[in-house]
Amino acid sequence: MEKDKILVIDDSAVQAEYLCSILSGDYEVSACYTARDGLAKAKEGGYSLILLDVVMPDVDGFMLLQELKSTVLTKHVPVILLTSLADVQYEERGLLLGAVDYVAKPFSPVIIKARVNTHIQLYHYQTEFREQAMVDGLTGVPNRRRYEAESIIKWQEATRFGLPISICMMDIDHFKSYNDTFGHPAGDQTIVSVAQTAAAHFRRATDLFARYGGEEFVAIFMGNDGPSAFQFLKTLRQAVEELHIPHNSPVSQWVTVSVGGVSLVPKVSDDYHTYLKLADTMLYDAKRFGRNQVVWCNENKDQLRER
Ligand SMILES: [Mg+2]
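Each value, and the rule that gives it
- What you see as residue numbers is a count from 1 along each chain, following the sequence as written.
- It should be noted that, the model being predicted, local features are given only for residues of pLDDT at least 70 and side-chain atom pairs only at 80 or more, the latter also being counted only at that level, while totals for whole chains, interfaces and linings use all residues.
- Comment: elements are numbered from the N terminus, with helices defined as DSSP H or I runs of at least four residues and strands as E runs of at least two.
- Here the globule rule reads 2.2 Å times residues to the power 0.38, and the radius of gyration is calculated from C-alpha atoms.
- With C-beta atoms placed from the backbone, the exposure class of a residue follows from how many other C-beta atoms lie within 10 Å of its own: 20 or more, buried; 12 or fewer, exposed; in between, partly exposed.
- Contact between two residues is assigned when their C-beta atoms, built from the backbone, lie within 7 Å.
- Note on pairing: two strands pair once DSSP finds at least 2 bridges between them.
- Consider the strands pointing away from the viewer: the crossover is right-handed when the path from the first strand over the helix to the second runs clockwise.
- As a per-residue measure, pLDDT reflects the predictor's confidence and takes values from 0 up to 100.
- Each domain's extent was defined by an automatic or database domain assignment.
- Each nonpolar core comprises buried Ala, Val, Leu, Ile, Met, Phe, Trp, Tyr and Cys residues, the members being joined through C-beta atoms within 7 Å.
- To get an axis, fit a line to the C-alpha atoms, keeping to the stretch in contact for a helix; angles then go from 0 to 180 degrees between the N-to-C directions.

(A) Up close: the overall build of the protein chain. Tallying secondary structure elements over the protein chain gives 10 helices and 11 strands in all. The C-alpha radius of gyration of the protein chain comes to 26 Å, more than 25% above the 19 Å expected for a compact globule of 307 residues. Its C-alpha atoms give the protein chain principal-axis dimensions of about 75 × 45 × 30 Å. Expressed as a percentage of its 307 residues, the buried residues of the protein chain come to 36%. For the protein chain, the proportion of contacts with a sequence separation of at least 24, taken over those separated by at least 6, is 61%.

Dropping the structure here:
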């Protein structure tokens, strides 16, 4: 297993070297001697813990701590403050600013090691928890919470850069009767297979595909103009049917999906939720017209249908 990385920021090279010598057996330790270098290094990412000296010239540890906690790239990394200021007020200030712990100098190697171990373990639990909170437990694809948090950002980017963006909703056809016939474990497996097929389809860095709930999925993707988005969704529908998962629905002998989509170049005055709803209306139409098909429209509601 790879060693966790620790960043030591201390204006005293002697202190920094001492910490490195204590911790370098179990961890990969780097040292910086100014707040400025420390911030730049921390922003490179990959650290599981930062040990930060409070008393430094120019920018002190408290100011740097504030900066670290308000920077997206570093705000989750735990910071332990190191200081000789054995004063409760300082301790409070550090903890209020978001430090996880406070160690007064001179410190014993045993105590430093123990605290570092504890906080690195906690950091791993928290990281795992944050990731799980954004991932659908059954399929491993992003969940609705993540979709709702990130889709808006993608919409805003498309608006700012004048890029075409598409929203699609997708539903497994006659899924209730599938569950009734084949049982819930098989139903779950089918959801997983469909999700993985779709996730492999939406694989560009700017694509976001998520499980919306039950047998329903949602995706937002940038860069395709209307006709090419429609083609793209058609190949997705086909890929699901070609999994050849047996089903005896009125539509097909295989498991199939209905897909609704909308594409547009959003203007500042356009509301994202209006178009999410429009994608849902297209999905509804796809079901109404007989399922196992894609129904797509543009901002003028000109519709394209498969077959
Ligand atoms: Mg110092």
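(B) Broad picture of the pairing of strand β3 (residues 47-53). Within β3, 7 of the 7 residues are buried, leaving the element largely enclosed by the surrounding structure. By the bridge criterion, 4 bridges tie β3 to strand β4 (residues 79-83) in an arrangement that is parallel. Within the sheet, the bridge partner assigned to Leu-52 lies in β4 and is Leu-81. Crossover handedness for the path β3 to helix α3 (residues 61-69) to β4: right-handed.

(C) Seen up close, the confidence of the model for the protein chain. The pLDDT averaged across the protein chain works out to 93; a share of 98% of its residues lies at or above 70. The spread of mean pLDDT over the elements of the protein chain runs between helix α4 (residues 88-96), the lowest at 79, and strand β9 (residues 257-264), the highest at 98.

(D) The domain arrangement of the protein chain, seen in detail. For the protein chain, the assigned domains are domain 1 (5-133) and domain 2 (144-305). Spacing between the C-alpha centres of domain 1 and domain 2 amounts to 45 Å.

(E) The nonpolar core, seen in detail. Counting 45 residues, the largest nonpolar core has Leu-233, Val-259, Val-262, Ala-279, Met-282 and Trp-296 as its most contacted members. In contact with Trp-296, other than residues within four places in its own chain, are Ala-229, Phe-230, Leu-233, Gly-261, Val-262, Met-282, Gln-303 and Leu-304.

(F) Main features of the sheet that holds β4. Taking strand neighbours across the sheet as the criterion, the 5 strands line up as β2-β1-β3-β4-β5 in an open arrangement whose pairing is parallel. Pairing within the sheet leaves two strands with one partner each, and these edge strands are β2 (28-32) and β5 (101-104). The sheet shows a mean angle of 20° between the axes of neighbouring strands, direction not considered. Taken strand by strand, α3 contacts β1 (5-9), β3 and β4, and its axis lies near 155° from that of β3.

(G) The arrangement of the sheet that holds strand β8 (residues 216-222) in detail. Within the open sheet, the 6 strands sit side by side as β7-β8-β6-β9-β10-β11. Their pairing is mixed. Unpaired on one side and paired on the other, β7 (208-213) and β11 (303-305) mark the two borders of the sheet. Neighbour to neighbour, the strand axes of the sheet diverge by 15° on average, direction disregarded. Examined bridge by bridge, strand β10 (residues 294-298) and β11 share 3 bridges and lie antiparallel to one another. Bridge assignment links Val-295 to a residue of β11, and that residue is Arg-305. Packed onto the sheet, helix α6 (residues 144-161) meets β6 (165-172), β7 and β8 and runs at close to 140° relative to β7. Together, β6, β9 and β10 form the strand contacts of helix α10 (residues 272-288), whose direction differs from that of β9 by roughly 145°.

(H) Up close: the environment of Met-56. As for its placement among the helices and strands, Met-56 is situated in the loop between β3 and α3. The buried category is assigned to Met-56, around which 20 C-beta atoms lie within 10 Å. Sequence-wise, Met-56 and Asp-302 are 246 residues apart; in three dimensions their C-alpha atoms are separated by 64 Å. Once residues within four sequence positions are removed from consideration, Met-56 is found in contact with Asp-11, Ala-35 and Gly-61.

(I) Structural detail: the pairing of β9. For β9, a buried count of 8 out of 8 residues is recorded, marking the element as mostly surrounded by other parts of the structure. Neither face of β9 is left uncovered, since the one carrying Val-257, Val-259, Gly-261 and Ser-263 and the one carrying Ser-258, Gly-260, Val-262 and Leu-264 both have all their residues buried. The sheet contact formed by β6 and β9 spans 8 bridges and is antiparallel. Each residue of the ladder has a partner; that of Ile-172, found in β9, is Val-257.

(J) Region of interest: unusual backbone geometry. The linkage connecting Lys-105 with the following residue, Pro-106, adopts the cis geometry, with an omega of -5°. Its location among the elements puts Pro-106 in the loop between β5 and α5 (109-133). At His-174, a position not held by glycine, the phi torsion is positive, near 45°. For His-174, the position within the fold is in the loop between β6 and α7 (175-182). His-174 gets classed as buried once you count the C-beta atoms within 10 Å, which come to 23. You will see that Lys-301, though not glycine, has its phi angle at about 65°, which is positive. Along the chain, Lys-301 falls in the loop between β10 and β11.

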